[in-house]
Amino acid sequence: MRVHLVDGTFELYRAHFAPRPGKVVLRAGRQTDVKATVGFMGSMCALLSEKAEAVTHIAVAFDNPITSFRNALFDGYKTDEGVPPELRAQFDLVEEAARALGIVVWSMKDFEADDALATAARRFAGEVEQVRILSPDKDLGACARGEHVVLVDRIRRRVLDEAAVRERHGVGPDQIADLLALTGDAADGVPGVPGFGAKRAATLLARWGTVERIPDDPAAWDVRIPGAPRLAATLASMREEVALYKRLTTLATDVPLAESLGDLAWRGADREHVTRLCGELDADAVLARVPRFATA
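Counting from 1, residues in each chain are numbered in the order their sequence is written. Residues qualify for local features only when their pLDDT is at least 70, as the model is predicted, and side-chain atom pairs are given and counted only at 80 or more; totals for whole chains, interfaces and linings, by contrast, use all residues. Water and hydrogen atoms were dropped before computing side-chain values, which therefore reflect all heavy atoms in the structure.

A.B. asks: Would you take a moment to explain the side chain of Arg 132 for this structure?
C.D. replies: Position of Arg 132 relative to the elements: it lies in strand 6 (residues 130–134). Definition of a polar contact: a pair of N or O atoms within 3.5 Å, with one able to donate and the other able to accept a hydrogen when the atoms are protein atoms, and with sequence-neighbouring residues admitted only if both atoms are side-chain atoms. There is a polar contact of 2.8 Å between the side chain of Arg 132 and the side chain of Gln 130. If sequence neighbours within four positions are ignored, Arg 132 has contacts with Arg 2, Val 3, His 4, Leu 5, Glu 53, Val 150, Val 152 and Val 159. Numbering of helices and strands runs from the N terminus, with a helix taken as a DSSP run of H or I at least four residues long and a strand as a DSSP run of E at least two residues long. Only heavy atoms enter the contact rule, under which two residues are in contact if any of them lie within 4.5 Å.

See the structure below:
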C-alpha cells in the first residue's frame, strides 16, 4: 500500500498557467475565472485513474493564504502579493473541488502546504510500503528516504528517491535546508548568501555537513572553492542571517493534522457534490472523467 501526498498549491498554479484557453463562468451572479480549479480537477481525475499510481490513500495540501509563521520571522518571505487576483479568488473553490472528489484536504494558514506534506510523510512512512509526494519542489527533497519516501514530478514523469536527490543537488535530504540557506530560494523570498551558487555550496556542505560547521577561516577550507577568501568573509559576516535562512527553509514536521492513515483512504467522489460543482463550473468533461463515486 502507498500513500499519495499532493502539493495542491503547485497543481493549482500549474493549471492556471497551463497553455489552455481561459474558462469564465457565471457563478454567484458574477463572471468568475475557474480555469485553475477545473484544470486541477482534471489533473486529480487523471491521477486517480492512473493504473501505475494505483491510488488508495490520498491527501492534498494547499496554502490558503500564502502566509505562514515564517512571515513573522522575515519580512521578505513570500506572501499573496503578486498572485493574479483571478487565481487568488479560487483558493477556497479548489479546496471545495478536492473535497468533492473525495480527497482529504489540508488547508494551511499558520504553516505551509510543504509543512503538511512533510509532516504526513514522516507520520505515515512507518505504515505504508511507500510515501509518494507529488511535487517538483526542491524543498521537499528533504523528505526523501531511500526508495521509501519519494518525490513524483508529474510534469517530467520522474520519480526522485534519496539517491536522485543527492545526484541532483549534490547533498543529502538532511542538508537541503543548509543548501537553500546558502544559495537562497527566490520562490520563497529567501535571499541566501551573495556568491554562493549551488555547486560551491554543495561542495562545502559535502565536506562539512552543515552550514554551521563551515569554518570562517578560508585557510581551513581543504576543498577547492573559487573565491574562497571572499566567500568565507561574507559567510562569517552573515552567520545570524544564515541561521534565520536555515530556519525559514527547514520544513516543519509537527503540523497538527487530525487524520489517520485510514482517513486518507480514497473511496470515490461524492456524486451529488461533484455533479453540482461541475455543473456550476461548466465542467461536464471533468465529471465524465471521475473514475469512481463513493457508495452510500
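A.B. asks: Mind showing me how you'd approach the sheet that holds strand 8 (residues 158–160) here?
C.D. replies: Strand order across the open sheet formed by six strands is 5-4-1-6-7-8, with mixed pairing between neighbours. Edge strands, defined here as strands with exactly one partner in the open sheet, are strand 5 (104–108) and strand 8. Direction aside, neighbouring strands of the sheet carry axes that sit 25° apart on average. Here, any two strands with at least 2 DSSP bridges between them count as paired. With five bridges joining them, strand 1 (residues 2–7) and strand 6 adopt parallel strand pairing. Note on strand 6: the bridge partner recorded for Leu 5 is Ile 133. To obtain each axis, a line is fitted to C-alpha atoms, and for helices this fit is confined to the stretch in contact; angles are then taken between N-to-C directions over 0 to 180 degrees.

A.B. asks: Sorry, what's going on with the pairing of strand 3 (residues 30–33) here?
C.D. replies: The side chains of a regular strand alternate, residue by residue, between the two faces of the sheet. Here strand 2 (residues 24–27) pairs with strand 3 via four bridges, running antiparallel. Of the residues in strand 3, the one forming a bridge with Leu 26 is Gln 31. The loop that links strand 2 with its antiparallel partner strand 3 comprises two residues; one of these, Ala 28, has a positive phi angle of about 55°.

A.B. asks: It is not clear to me how helix 5 (residues 91–100) should be interpreted in this structure. Could you clarify?
C.D. replies: Every α-helix carries 3.6 residues per turn, so stepping three or four residues along brings you back to the same face. Burial classes: relative accessible area under 20% of the type maximum marks a residue as buried, over 50% as exposed, and values in between as partly exposed (1.4 Å probe, protein chains only). Extensive coverage of helix 5 is indicated by the burial of seven of its ten residues. Within helix 5, burial applies to Phe 91, Leu 93, Val 94, Glu 95, Ala 97, Ala 98 and Ala 100. Looking one or two places after helix 5, you find Gly 102, whose phi comes out positive at around 85°.

A.B. asks: Before we go on, may I ask you to explain the packing of aromatic side chains in this structure?
C.D. replies: The aromatic pairing rule takes the rings of Phe, Tyr and Trp, using the six-membered ring of Trp, and pairs them if the centres are within 6.5 Å, calling planes under 30 degrees apart stacked, those over 60 edge-to-face and the rest tilted. Taken as a whole and judged by the stated rule, the model has four aromatic pairs. For the ring pair Tyr 13 and Phe 17, a centre distance of 6.3 Å and an interplane angle of 40° mean the geometry is tilted. With a gap of four residues between them, Tyr 13 and Phe 17 both fall in helix 1 (residues 8–17), about one helical turn apart. When the ring of Phe 69 is compared with that of Phe 111, the centres are 5.7 Å apart and the planes differ by 70°; the resulting orientation is edge-to-face. Placement of Phe 69 in the loop between strand 4 (57–63) and helix 3 (70–73) and of Phe 111 in the loop between strand 5 and helix 6 (113–124) is noted, with a sequence separation of 42 residues between them. To sit over a ring, a charge needs its Lys NZ or Arg CZ within 6 Å of the ring centre and within 35 degrees of the ring normal. Residue placement shows Arg 271 over the ring face of Phe 293; its charged tip is 4.1 Å from the ring centre.

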